[in-house]
Amino acid sequence: MLPKKEEEKAVEKAIAALADMIPLEAIQPPHSPTLIFPGLEIRLHQRRVLKDGTDIYLTRLEYGALCYLAASPGRVFTKAQIFESVWSMESESCQSSVASVICNLRKKIEPDNRKPTYIKTVLGVGYKFALGK
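These remarks concern the structure in this document. (Residues numbered from 1 in each chain as written. Predicted model: local features only at pLDDT ≥ 70, side-chain atom pairs only at ≥ 80, totals over all residues. Heavy atoms only, no water.)

Glancing now at the packing of aromatic side chains. Throughout the structure, instances matching the rule amount to 4 aromatic pairs. Arranged with centres 5.8 Å apart and planes meeting at 20 degrees, the rings of Tyr 118 and Phe 129 form a pair that is stacked. Taken together, the residues Tyr 118 in the loop between α4 (95-109) and β6 (119-122) and Phe 129 in strand β7 (residues 126-129) connect sequence positions 11 residues apart. Taking the relative accessible area as the measure of exposure, Tyr 118 reaches 1% and is therefore buried. With a relative accessible area of 0%, Phe 129 lands in the buried category. Pairwise contacts between aromatic rings join Phe 37, Tyr 118 and Phe 129 into one cluster. (Phe/Tyr/Trp six-rings, centres within 6.5 Å; stacked < 30°, edge-to-face > 60°. Helix = DSSP H or I, 4+ residues; strand = E, 2+ residues; numbered from the N terminus. Buried < 20%, exposed > 50% of the residue type's maximum accessible area, 1.4 Å probe, protein only.)

Listed below in structure tokens is the structure:
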């Protein structure tokens, strides 16, 4: 058995080695405090969403999901990634929670929620934010 100091150093080395092996992708905040898409404006600094110039009320989870997706248009996110980011907790059974929030969000921001323009479903994977019309 190693003395306590040596054991701590060995654990720190192991953690550092593992950290170097795990690829982390930094998500950069947008440079502009406003995300603008055709017919949709997200004013991050005001926590406001405008659809065709009209304020849209969103719940905390709807707003979080929208900002998370819209900050990286075209990038596909799994339901687990969305859940962990927006709910700020680990996902165990997040499927229905994320789907429900996305469904409600589409009703509020999409011109036709049955044929989404902004939030696209990627079958078997999750969702992505499209650039609009």
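On we go from here.
Right, let's talk about the sheet that holds strand β5 (residues 76-78) for a bit. Spatially, β5-β7-β6 is the arrangement adopted by the 3 strands of the open sheet, whose pairing is antiparallel. Edge positions in the sheet fall to β5 and β6, since each of these pairs with one other strand and no more. In this sheet, adjacent strand axes meet at a mean angle of 35 degrees when their direction is disregarded. Here β6 pairs with β7 via 4 bridges, running antiparallel. (Pairing = 2+ DSSP bridges. Axes fitted to C-alpha atoms, helices over the stretch in contact; angles between N-to-C directions.)

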